[in-house]
Amino acid sequence: QVQLVESGGGLVQAGGSLRLSCAASGSIVSYVGMGWYRQAPGKQRELVARIGSGGSTNYADSVKGRFTISRDIAKNTVYLQMSSLKPDDTAVYYCNAERYYSSSFRHINYWGQGTQVTVSS
């Protein structure tokens, strides 16, 4: 069973920084990819940043240049460094891990419990 535990959310003023962490069960290179999504009140969940098993990264346009996703393979942990935060970044942030099961040819997504990020103006 895949378990993802997020930490690092909180309240920060606009222009400030936060770092989110996601500790995963098992080796993170065994996942097709891991990422961070967010969901603001009344809005759909959206991709913020993703890192593939090979280390490639991609970002939502709204966070490019401000957020950085990284990983520590030895610690089975993925990070999201958020800088120059804006009130529009306020949301619950979820860690995601995608695993491929070759026995059934299925991709399954796993989610953390979410961590609240609030950016005050």
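In case you missed it, the structure is sitting above this.
Trainee: Describe in detail the nonpolar core, supporting the description with residues and values.
Mentor: Within the largest apolar cluster, 30 residues are counted, with the highest numbers of intra-cluster contacts made by L4, M34, W36, L80, M82 and Y93. Counting only elements with at least two residues in this core, the list comes to β3 (18–24), β4 (33–39), β5 (46–52), β7 (67–72), β8 (77–82), β9 (91–101) and β11 (115–120). When residues no more than four places from it in sequence are discounted, the contact partners of M34 are L4, C22, A24, I28, A49, R50, I51, I69, V78, C95, N96 and A97.

Trainee: Could you give me a rundown of the sheet that holds strand β1 (residues 4–7), with the residues and numbers involved?
Mentor: The 4 strands are arranged β1-β3-β8-β7 in an open sheet whose pairing can be described as antiparallel. Each edge of the open sheet carries a strand with a single partner, namely β1 and β7. Taking each pair of neighbouring strands and ignoring which way they run, the sheet shows an average axis angle of 15°. Bridge count between β1 and β3: 4 bridges; the pairing is antiparallel. Bridging across to β3, S7 finds its partner in S21.

Trainee: Tell me about the environment of G112, and please be specific about residues and values.
Mentor: By the element assignment, G112 lies in the loop between β10 (106–111) and β11. Beyond its immediate sequence surroundings of up to four residues, G112 is in contact with L4, E6, Y94 and C95.

Trainee: Describe the packing of aromatic side chains, listing the residues and the values that go with them.
Mentor: Applying the stated criterion across every chain yields a total of 1 aromatic pair. With a centroid separation of 5.0 Å and 75° between ring planes, the pair formed by Y37 and W111 is classed as edge-to-face. With a gap of 74 residues between them, Y37 in strand β4 and W111 in strand β10 connect regions that are remote in the sequence. The exposure class of W111 is partly exposed, given its relative accessible area of 36%. In this arrangement the basic side chain of R45 is found over the ring face of Y94, its NZ or CZ atom lying 3.8 Å from the centre. Residue placement shows R45 over the ring face of W111; its charged tip is 4.6 Å from the ring centre.

Trainee: Give me the lowdown on the layout of surface pockets, citing residues and values where you can.
Mentor: Approximately 230 Å³ is the volume attributed to the largest pocket. Lining of the largest pocket is provided by 13 residues; of these, R38, A40, K43, E46 and D88 occupy positions nearest its centre.

Calculation notes
- Residues numbered from 1 in each chain as written.
- Predicted model: local features only at pLDDT ≥ 70, side-chain atom pairs only at ≥ 80, totals over all residues.
- Heavy atoms only, no water.
- Core = buried A, V, L, I, M, F, W, Y, C linked by side-chain atoms within 4.5 Å.
- Buried < 20%, exposed > 50% of the residue type's maximum accessible area, 1.4 Å probe, protein only.
- Helix = DSSP H or I, 4+ residues; strand = E, 2+ residues; numbered from the N terminus.
- Contact = heavy atoms within 4.5 Å.
- Pairing = 2+ DSSP bridges.
- Axes fitted to C-alpha atoms, helices over the stretch in contact; angles between N-to-C directions.
- Phe/Tyr/Trp six-rings, centres within 6.5 Å; stacked < 30°, edge-to-face > 60°.
- Lys NZ or Arg CZ within 6 Å of the ring centre and 35° of its normal.
- 1 Å grid on protein atoms, 1.4 Å probe; cavity = no way out; pocket = protein on both sides within 12 Å on 5 of 7 lines; lining within 4 Å.
- Points joined across faces, edges and corners; volume = space filled by probe spheres on them.

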